[in-house]
Amino acid sequence: MTQRKRPDWDEYFMEIAHVVARRSTCIRRQIGAVIVKDRRILTTGYNGAPSGLPHCVELGCLRDELGIPSGTRHELCRALHAEQNAIIQAALYGISTQNSVLYCTHQPCSLCAKAIINAGVKRVVFEGDYPDNFALEMFEMAEVEMVRFVREPEEVK
């Protein structure tokens, strides 16, 4: 009997963040976020337009139309970021995110960093890069632990 490798908690929640990202309606990149406390999922979020508004997959990407490079002018976008949506879901349903962990498929931007810090998140586990060093500086000043998740290569069968 071959024994399968059971994922550790970071692997488990990061995999869920990747599944959440598949709901994204962003043309540029699909991001997923999961907020966890005491190893229990509190909320999830993916990047997309506010509820009830047309999505970028329907209207096209405003940022592409305006030639805005990644990591700049975050306000010129129809979509909310995955991290913002996860925090908003917690607020909407009265769920405290104090001392929680946020798993995200990419490094949060500086706008999301501010929201994450004020939401009381104490640890952020992220996988992909994002060109925003200011976010990393804010996390360091706020003493939010940043953990780059590195996926282990799958074993050959």
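In case you missed it, the structure is sitting above this.
Residues numbered from 1 in each chain as written. Predicted model: local features only at pLDDT ≥ 70, side-chain atom pairs only at ≥ 80, totals over all residues. Heavy atoms only, no water.

> So what about the pattern of salt bridges? Which residues, and what values?
Summed over the entire model, instances satisfying the criterion amount to eight salt bridges. For Glu15, the salt bridge is made with Arg151, and the minimal N-O distance between the two is 3.1 Å. Placement of the pair is Glu15 in helix 1 (residues 9-21) and Arg151 in the segment after strand 5 (145-148), with a sequence separation of 136 residues. A relative accessible area of 38% places Arg151 in the partly exposed class. The partner of Arg73 in a salt bridge is Glu75, with the nearest N and O atoms 2.6 Å apart. Since its relative accessible area comes to 46%, Arg73 is described here as partly exposed. (Salt bridge = Lys/Arg side-chain N within 4 Å of Asp/Glu carboxyl O. Helix = DSSP H or I, 4+ residues; strand = E, 2+ residues; numbered from the N terminus. Buried < 20%, exposed > 50% of the residue type's maximum accessible area, 1.4 Å probe, protein only.)

> Any chance you could break down the side chain of Thr43 for me, citing the residues and the numbers?
Here Thr43 is to be found in strand 2 (residues 40-46). Look at Thr43 and you get buried, because its relative accessible area is 7%. Reaching out from Thr43, the side chain makes a polar contact with the backbone oxygen of Ala86 at a distance of 2.9 Å. Setting aside residues no more than four positions away along its own chain, Thr43 makes contact with Ala33, Val34, Ile35, Ala86, Gln89, Ala90 and Ile95. (Polar contact = N/O pair within 3.5 Å; in protein donor to acceptor, adjacent residues only side chain to side chain. Contact = heavy atoms within 4.5 Å.)

Nothing here speaks to function; it is all geometry.
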